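# Observations on the three-dimensional arrangement
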Amino acid sequence: NGQLVSYVLDRTEAKEKLIGDVLQKTGCESRFELTGNKENILTVGQWLSAIRNAKFVVTDSFHGMVFCIAFNKQFLVIANERRGTARFNSLLQQLELEDRIIKPRNISEFNGFDFIDFPKVNNSLEALRRLSRGFIDNSLS
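What this report covers is the structure whose coordinates are included nearby.

Analysis parameters
- Residues numbered from 1 in each chain as written.
- Predicted model: local features only at pLDDT ≥ 70, side-chain atom pairs only at ≥ 80, totals over all residues.
- Heavy atoms only, no water.
- Buried < 20%, exposed > 50% of the residue type's maximum accessible area, 1.4 Å probe, protein only.
- Helix = DSSP H or I, 4+ residues; strand = E, 2+ residues; numbered from the N terminus.
- Right-handed = clockwise from strand over helix to strand, strands pointing away.
- Pairing = 2+ DSSP bridges.
- Contact = heavy atoms within 4.5 Å.
- Polar contact = N/O pair within 3.5 Å; in protein donor to acceptor, adjacent residues only side chain to side chain.
- Salt bridge = Lys/Arg side-chain N within 4 Å of Asp/Glu carboxyl O.

## Considering the pairing of strand β1 (residues 3–7)
- Judged by how many residues are buried, β1 sits mostly within the fold: four of five residues are covered.
- For the crossover that starts at β1, traverses helix α1 (residues 13–26) and ends in the parallel strand β2 (residues 30–33), the hand is right-handed.
- As defined by bridge partners, β1 adjoins strand β3 (residues 56–59) across four bridges and the pair is classed as parallel. Bridge pairing links L4 to F56 in β3.

Set out below in structure tokens:
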């Protein structure tokens, strides 16, 4: 049934409980933790591969969230208020994925999720890429 990958920078009991709940709800058979502790030092390739091969990812990292989107992985992101939430919110709003973010104060209220429609997300990403290329092209002219 696949693996749940967790990449949590700022660990709390509430986040651990959420990850356990998501593990059950997704039916993932195991959990792999992407952490920077001394027992689990991964190369960049191993880190990316873990996300790319995951069935589901729970993270509080902006970069973890971005790679989930790039690899079309189902995910939940816990707002990381100490590291700034504006960039999380901005990207998720542009992709109509606001429902993927959980605020730390609302973790205990979590009761499920819908699966992400990645063809729709990828169309939105392509539109954003075209806008960016147009902006760059116009700036260089």
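## Thoughts on unusual backbone geometry
- Within the chain, N72 stands out as a residue other than glycine whose phi angle is a positive 55°.
- The residue N72 is located in the loop between α3 (62–70) and β4 (74–78) in this model.
- Non-glycine residue E96 carries a positive phi angle of around 55°.
- Relative to the elements of secondary structure, E96 occurs in the loop between α4 (86–94) and β5 (101–102).

## Notes on the environment of K55
- If you trace the backbone, K55 turns up in the loop between α2 (44–52) and β3.
- Taking the relative accessible area as the measure of exposure, K55 reaches 33% and is therefore partly exposed.
- K55 has contacts with N1, G2, Q3, T26, G27, C28 and Q74, leaving out every residue within four places of it along the chain.
- In this structure the side chain of K55 is engaged in a polar contact, spanning 2.8 Å, whose partner is the backbone oxygen of T26.

## Topic: the side chain of S61
- Mapping S61 onto the fold places it in the loop between β3 and α3.
- We classify S61 as buried; its relative accessible area is 4%.
- Engagement of the side chain of S61 in a polar contact is seen with the backbone nitrogen of G64, the distance being 2.9 Å.
- Setting aside residues no more than four positions away along its own chain, S61 makes contact with Y7, L9, V77 and F88.

## A few points about the pattern of salt bridges
- For the structure shown, the criterion picks out nine salt bridges.
- Across the salt bridge formed by K15 and D60, the nearest N and O atoms sit 2.8 Å from each other. One end of the pair, K15, is in helix α1; the other, D60, is in the loop between β3 and α3, with 45 residues separating them in the sequence. With respect to burial, K15 and D60 carry one shared label: buried.
- Through salt bridges that share partners, R11, E16, R31 and E33 make up one connected network.

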